[in-house]
Amino acid sequence: MVKKKKKSQNLKAELKINNKTYSLPIYDSTAGEKVLDISKLHQESNYFTYDPGFSSTASCESKITFIDGNKGILKYRGYDVAELATKSDFIEVTNLLIYGDLPNKAQLNKYRKLIARHTLLHDQIVNFFQGFRRDAHPMAMMVGVMGALSSFYQDSLDINDPHQRQEATRRIIAKAATIGAMAYKYSIGQAFVSPKNNLNYAENFLHMCFSHSAEKYKISPVLAKAMDVIFILHADHEQNASTSTVRLAGSSGANPFACIAAGVASLWGPAHGGANQAALEMLEEIGDTKNIKKYISKAKDKEDKFKLMGFGHRVYKNYDPRAKILKQVCSKVLKHVGIKNDPILKLAIELEKIALKDNYFKEKKLYPNVDFYSGIILRAIGFPPEMFTVIFAIARTAGWTAQWTEMTEDPIQKIGRPRQLYTGKVKLKYGQNRSTKNTR
Ligand code: ACO
């Protein structure tokens, strides 16, 4: 049965169009903005609402992740992300995101075993990899192989079966790290390394990426903890572009592997997950603290396409809480690997300092986001920039699967179908207005 949303007791909203008044119900949230329900507006008024980029639109009801962008707060299922980053680990966080509360010891042990059981990939996926060019971006392989899982795991495609849904989410989370590591190994021309199920998720990922037949990789607890924190901090982030893509793809009833592949594709863009690679490349391009002023001016110039990568956020109008944690992790990791005075970290800290004092960035409330420091950490661990977004995607499988599960189980869920403001031509006779341009 569809549970009715709680209407706000004291608040009422009315919209007046040409002297006709439409009432819009207001729903209470447990934290953050309340919402106006416009779902019947078109039916009653014959008007659509217009909100490109969805700046004012809540696309769904969710109990998973809460962000207060003005205060710089991020919570998973009510727990502050900073606390989870110190007291929990990635696998426990995936369980929390999917099931809604922290697991007890027995539940967690069972869940760890279930995830570990799915770390291997079907042997034929090796052949699948061999079809890729060696110089392909690892995200290209990630999108392709994630979608291809639906051809290998056909016993978990029925979205109406709760057992199959759970099996699919566990497979996606467990296999994402193996796929990411294989994409890396393939791109550097090394043999794939099998997962080791006695290692935790972060350790196993480092092992699959950096071990090879000639030398066993010694896993450093400092680097494994940093990897785990990066996975936790990227695990979910409410209805961002890739998560909304997963929900929209899933709203048609598509299978979970295909939906997650759609999320990987959306994450790849430089305005979203691709920003961690772009941020490090930008720091390398700036090269020296003496060039910062020039690049700050470029970022402020409307005629210049350059933006400070790793800066600004649609929701955070304050310091991104994930960036705060990663700034500290960054110092620990660099100290551990023996980089005493990393010029790139020095440059990043100086750039942040100058930008935060600059009126343009202050007025537009542009602060460092999660991508500003993560690249420096990942580079120190040993990853090339092309792998940064892959690592983000591995972590985000937690949020995507949790959000996909919530959507699939939501009784009011229906296919997502936005409308438009049509401004094209109408009523042409065939052949009228034929193009005269030479190019198309
Ligand atoms: N450098 C310079 N100016 C910026 C930056 C930036 N990094 N970010 C925003 N602005 C400016 C915009 O030009 C705009 O100026 P205007 O009001 O004069 O037109 C204003 O600030 C508002 O920015 P919008 O682009 O409208 O903000 P939006 O919410 O659409 O975009 C986004 C947010 C895409 C993250 C943007 O800040 C950006 O491109 N940042 C750099 C890329 C980046 O770091 N992305 C990672 C985001 S976090 C994540 O996905 C994990």
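Above this text you will find the structure in question.
Residues numbered from 1 in each chain as written. Predicted model: local features only at pLDDT ≥ 70, side-chain atom pairs only at ≥ 80, totals over all residues. Heavy atoms only, no water.

### Focus: the site of the ligand
Residues in close proximity to the ligand total 20 residues, the closest being Lys 302, Leu 308, Gly 310, Arg 314 and Tyr 360. Contacts to the ligand include Tyr 360, whose side-chain N or O atom sits 2.9 Å from a nitrogen atom. Between the ligand and Asn 369, the relevant distance is 2.9 Å, taken from an oxygen atom to a side-chain nitrogen or oxygen of the residue. Computed on the free molecule, the ligand has an accessible area of 910 Å², of which 75% lies beneath the protein chains in the complex. Each residue belonging to the shell around the ligand can be placed in one class, and the counts come to 10 nonpolar, five polar and five charged. (Near = heavy atom within 4 Å. Polar contact = N/O pair within 3.5 Å; in protein donor to acceptor, adjacent residues only side chain to side chain. Areas by Shrake-Rupley, 256 points an atom, 1.4 Å probe, with all protein chains shown as cover. Nonpolar A, V, L, I, M, F, W, Y, C, P; charged D, E, K, R; others polar.)

### A short note on the side chain of Glu 92
Within the secondary structure, Glu 92 sits in helix 3 (residues 90-99). The side chain of Glu 92 sits in the buried core without any salt bridge; Arg 112 is the nearest counter-charge, 5.8 Å away. (Helix = DSSP H or I, 4+ residues; strand = E, 2+ residues; numbered from the N terminus. Buried < 20%, exposed > 50% of the residue type's maximum accessible area, 1.4 Å probe, protein only. Lys, Arg positive; Asp, Glu negative; His and termini not counted. Salt bridge = Lys/Arg side-chain N within 4 Å of Asp/Glu carboxyl O.)

### Details of the pattern of salt bridges
Inspection of the entire model under this criterion finds 17 salt bridges. Between Arg 247 and Glu 406 there is a salt bridge, with its nearest N and O atoms 2.7 Å apart. Taken together, the positions of Arg 247 in helix 10 (residues 241-251) and Glu 406 in helix 18 (residues 388-409) put the pair 159 residues apart, joining distant regions of the chain. Judged by relative accessible area, Arg 247 falls into the buried class, the value being 7%. Taken together, the salt bridges that share partners define one network made up of Glu 284, Asp 342 and Arg 379.

### Examining the packing of helix 7 (residues 162-188) against helix 18
In a packed pair of helices, the relevant descriptors are the angle between the two axes and the axis-to-axis distance. Put simply, helix 7 and helix 18 touch, their axes get as near as 9 Å, and they point 170° apart. Viewed along their axes, helix 7 and helix 18 adopt a mutual orientation that is roughly antiparallel. Across from Arg 165, Thr 169, Ile 172, Ile 173, Ala 176, Ala 177 and Gly 180 in helix 7, the residues of helix 18 making contact are Val 390, Ile 394, Thr 397, Ala 398, Thr 401, Trp 404, Thr 405, Thr 408 and Glu 409. For the contact of helix 7 with helix 18, the residue count by class is eight nonpolar, six polar and two charged. (Axes fitted to C-alpha atoms, helices over the stretch in contact; angles between N-to-C directions. Parallel < 35°, antiparallel > 145°, perpendicular 65-115°, else oblique. Contact = heavy atoms within 4.5 Å.)

Structural measurements only, silent on function.
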